[in-house]
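Residue-level structural notes
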Amino acid sequence: MVGKKEDACKYYLDRDFKSYCEQLVLLSPTILKEDKNLGQAIASNFVLVGCATYLKKKKECEREENQYLPGLYGMNFIFGTAYIFVRKEMV
């Protein structure tokens, strides 16, 4: 799809990083627990850093110049289905 660079930036950002903030809601009881093991601490830190990165990059996507620049997004769907056009003998 063709749109603004802001839309393209948010599209790829949501695809790659939004799940961290969604996992943060699920892991919040574990994160707030005082007696967590090493695995829980590593997982909660990983999710916290991922969510913070998502929020920081989302703010960068909303810069004023991105509203006026063109951007392409949704290309992963096209490239993901390219194998349909390959002849079966080649596969």
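This report concerns the structure included in the present document. (Residues numbered from 1 in each chain as written. Predicted model: local features only at pLDDT ≥ 70, side-chain atom pairs only at ≥ 80, totals over all residues. Heavy atoms only, no water.)

1. Describing the pattern of salt bridges
What the rule picks out here adds up to five salt bridges. For K10, the salt bridge goes to E6, with nearest N and O atoms at 3.3 Å. In this pair, K10 and E6 are both assigned in helix α1 (residues 5-32), four residues apart and thus about one turn of the helix distant. Residue classification places K10 among the partly exposed positions, given a relative accessible area of 24%. On the basis of relative accessible area, E6 is assigned to the buried category, the value being 10%. Between E62 and K10 there is a salt bridge; the shortest N-O distance is 3.3 Å. Here K10 lies in helix α1 and E62 lies in the loop between α2 (38-61) and β2 (70-72), a separation of 52 residues in the sequence. Counted as one network, the salt bridges with shared partners bring together K4, E6, K10 and E62. (Salt bridge = Lys/Arg side-chain N within 4 Å of Asp/Glu carboxyl O. Helix = DSSP H or I, 4+ residues; strand = E, 2+ residues; numbered from the N terminus. Buried < 20%, exposed > 50% of the residue type's maximum accessible area, 1.4 Å probe, protein only.)

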